[in-house]
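Okay, here's what each chain looks like letter by letter:
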Amino acid sequence: EKTIDTLPAQVEAFDFSRDETFLLDGEARSWAADEQELDERWRKHLKNQVLNLRLADKAEDEIVPTLTRRYSNQLNRVRQYNAQDAFQIYANALTELYDPHTNYFSPRRSENFNINMRLSLEGIGAVLSTEDEYTRVARIVAAGPADKQGELRPSDRIIAVAQGEDGTFEDVIGWRLDEVVQLIRGPKDTTVRLQVLPAKAGTDAEPKTITIVRNKVKLEEQSAQKRVIEMPQGSGDPLRVGVIDIPAFYIDFEAMRRGDEDYKSTTRDVRRLLAELEDEGVDGLIIDLRNNGGGSLQEANDLTGLFIEYGPTVQIRHSSRRVWRDGKRLRS
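So, here's what we can say about the structure. (Residues numbered from 1 in each chain as written. Predicted model: local features only at pLDDT ≥ 70, side-chain atom pairs only at ≥ 80, totals over all residues. Heavy atoms only, no water.)

1. With respect to the overall build of the chain
Thought 1: The secondary structure content of the chain amounts to ten helices and 13 strands.
Thought 2: Relative to its length of 332 residues, the chain is extended, with a C-alpha radius of gyration of 26 Å against a globular reference of 20 Å.
Thought 3: Over its C-alpha atoms, taken along the principal directions, the chain stretches across nearly 80 × 55 × 55 Å.
Thought 4: Within the chain, buried positions represent 29% of all 332 residues.
Thought 5: Carbon and sulfur atoms provide 49% of the accessible area of the chain, an area that totals close to 21500 Å². (Helix = DSSP H or I, 4+ residues; strand = E, 2+ residues; numbered from the N terminus. Rg over C-alpha atoms; globule rule 2.2 N^0.38 Å. Buried < 20%, exposed > 50% of the residue type's maximum accessible area, 1.4 Å probe, protein only. Areas by Shrake-Rupley, 256 points an atom, 1.4 Å probe, with all protein chains shown as cover.)

Put into C-alpha cells, the structure is as follows:
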C-alpha cells in the first residue's frame, strides 16, 4: 500500500542520469543487512521497471497508472490467500525436503486434480480466467450446458452468482478465481444463475441474467486425439502416418474403483484410436508426448503394454532405498 500511495512522487524523483546498477537475478543477491538496504533494493527495482516501460515506448503519463494497476493486482492476490493456501505452501515445503515427487493437495486443489484425471466435471462447461477484478469467460466447452443454453459468450464478465431459481445473487467482483469457480460448479440437474456484463459492454452497463442447468461436462479436448499425416515420397503414393497426441496420463480412479465397465482412461482411448488408425490403413505411427505433463503412473505403465510385450517399464525407489520394478510380462 505504501508503494502504491507514494508511486507518483517516487517516479517523479527518479534521476536517470545517475550511474547505478541493479542485479536482476535474485538468486545471485546476498541477504540484505538491514531494512534500509531492502528499501534501497526496492527503489532500484521500481526505477528499473520505469526504465523498462520507457524503453518499451510507453507514454510518460501512462507509466504511473500502469505500475499502479500492476501493484494493486499483486496486492489483491496476496490478500486473497487463505489458511488452506498457507498450509499447502508449508506442507509442500516440508514434503519436498524428503521427496521431490510428493505433494500435498488442499481440498480444492485435490478436486481439480481429480477433474483433470477423469476429464469430466459437473458444472456449466465454461473455462474462466481473471481480468483486472472481473471473472472473464475464456471459452465455452463444446456441447456443455453453457454451449447448449447459448447465451453465455467468450469474453463476457461474470459479476454475480446465485444458486437455484430464486437464490440471492452474490457479488463476485474482486474474488479469487477458484472461489468463483466453486460457486458455479455444482451437482448435475441443479440450477445456477449468472449476472453477466457482455464482452463489449462498459462497466456501467445493465447486466443480463443467464440461467443454466448444470450437467456433466466432458473435457474431450484434453483426451488422446488422433490424426493422419500424408507425406509425399517421390512419384509413388504418399506415406500415411498416424499421429496420436497424448496430453496427459488420465484415468477416472473413482469410476474404476466402482467397477464401471466403461471408465475413462488413457490406455482405453489409445487402444480405440489404434484400432481406428489400423482400419484406416496407416503405414506408420507416431506417439506425441511433447506436451504431456504426466499424471497417473499406473496409466503410463499400462499404456506401454499396448506397445511392449515384455520387459521392465518403470522403476520406483522407496525411502528405504529399496528399488521396486514393474513391467510387462508375456501371458499364455
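Next comes the rest of the write-up.
2. A closer look at the pattern of salt bridges
Thought 1: As enumerated under the stated definition, the model contains 24 salt bridges in all.
Thought 2: For Arg79, the salt bridge goes to Glu1, with nearest N and O atoms at 1.9 Å. Here Glu1 lies in the segment before α1 (2-13) and Arg79 lies in helix α3 (residues 60-79), a separation of 78 residues in the sequence.
Thought 3: Of the charged contacts, one joins Arg41 and Glu37 as a salt bridge, the two residues approaching to 3.2 Å between their closest N and O atoms. A residue pair is termed a helical-turn pair when its members lie 3 or 4 positions apart in one helix, as Arg41 and Glu37 do in helix α2 (residues 35-55) at four residues.
Thought 4: Note on Arg41: relative accessible area 23%, which makes it partly exposed. (Salt bridge = Lys/Arg side-chain N within 4 Å of Asp/Glu carboxyl O.)

3. Some thoughts on helix α5 (residues 107-118)
Thought 1: Counted at 1.5 Å a residue, the expected span for α5 with its twelve residues is 16 Å, and the 17 Å between its end C-alpha atoms agrees.
Thought 2: Looking at the residues trailing α5, positive phi occurs at Leu119, about 55°. (Expected span 1.5 Å × (residues − 1).)

4. A closer look at the packing of aromatic side chains
Thought 1: A full pass over the atoms with the stated rule returns five aromatic pairs.
Thought 2: Centroid distance Phe14 to Phe16: 6.2 Å. Interplanar angle 70°. Geometry classified as edge-to-face.
Thought 3: Overall, Phe14 belongs to the buried group, its relative accessible area being 12%.
Thought 4: On the numbers, 5.1 Å between centres and 90° between planes, the contact of Phe87 with Tyr104 is edge-to-face. With Phe87 in helix α4 (residues 83-98) and Tyr104 in the loop between α4 and α5, this pair connects stretches of sequence that are 17 residues apart. (Phe/Tyr/Trp six-rings, centres within 6.5 Å; stacked < 30°, edge-to-face > 60°.)

5. Some words on a nonpolar patch on the surface
Thought 1: Nonpolar side chains collect at one region of the surface, where Phe87, Tyr90, Leu94, Leu97 and Tyr98 lie side by side and expose about 640 Å² of accessible area between them.
Thought 2: Since its relative accessible area comes to 44%, Phe87 is described here as partly exposed. (Patch = residues over 30% accessible without salt bridge, like charges linked within 9 Å, V, L, I, M, F, W, Y side chains within 5 Å.)

6. With respect to the sheet that holds strand β9 (residues 225-231)
Thought 1: What the three strands build is an open sheet, ordered β9-β10-β11; its pairing is mixed. Two strands bound the open sheet, and with one partner strand each, they are β9 and β11 (284-288). Between one strand and the next, the sheet's axes are offset by a mean angle of 25°, whatever the strand orientation.
Thought 2: In this structure, β9 lies alongside strand β10 (residues 239-245), joined through seven bridges in antiparallel fashion. Counterpart to Met231 in the pairing with β10 is Leu239.
Thought 3: Sheet strands in contact with helix α9 (residues 266-279) are β9, β10 and β11, and its direction is about 30° off that of β9. (Pairing = 2+ DSSP bridges. Axes fitted to C-alpha atoms, helices over the stretch in contact; angles between N-to-C directions. Contact = heavy atoms within 4.5 Å.)

7. Some details on the packing of α2 against α3
Thought 1: Between α2 and α3, the least distance of the axes is 10 Å, while the angle of their chain directions is 125°. Viewed along their axes, α2 and α3 adopt a mutual orientation that is oblique. You can see that α2 and α3 cross each other, and the crossing is right-handed. Judged by residue contacts, Trp42, His45, Leu46, Gln49, Val50, Leu53 and Arg54 of α2 engage Glu60, Ile63, Thr66, Leu67, Arg70 and Tyr71 from α3.
Thought 2: Residue composition of the contact of α2 with α3, grouped by class: seven nonpolar, three polar and three charged. (Parallel < 35°, antiparallel > 145°, perpendicular 65-115°, else oblique. Left-handed = near helix turned anticlockwise from the far one by under 90°. Nonpolar A, V, L, I, M, F, W, Y, C, P; charged D, E, K, R; others polar.)

8. Description of helix α10 (residues 297-304)
Thought 1: Among the residues of α10, those classed as buried are Glu299, Ala300, Asn301 and Leu303.
Thought 2: Of the residues flanking the start of α10, the one acting as N-cap is Ser296, its side-chain oxygen 3.4 Å from the backbone nitrogen of Gln298. (Polar contact = N/O pair within 3.5 Å; in protein donor to acceptor, adjacent residues only side chain to side chain.)

9. Quick look at the side chain of Ser223
Thought 1: Locating Ser223 in the fold gives a position in the loop between β8 (215-218) and β9.
Thought 2: Note on Ser223: relative accessible area 4%, which makes it buried.
Thought 3: A distance of 2.6 Å separates the side chain of Ser223 from the backbone oxygen of Glu220, its partner in a polar contact.
Thought 4: Contact partners of Ser223, with chain neighbours within four places excluded, come to Leu119, Asp245, Pro247, Tyr250, Lys264 and Asp269.

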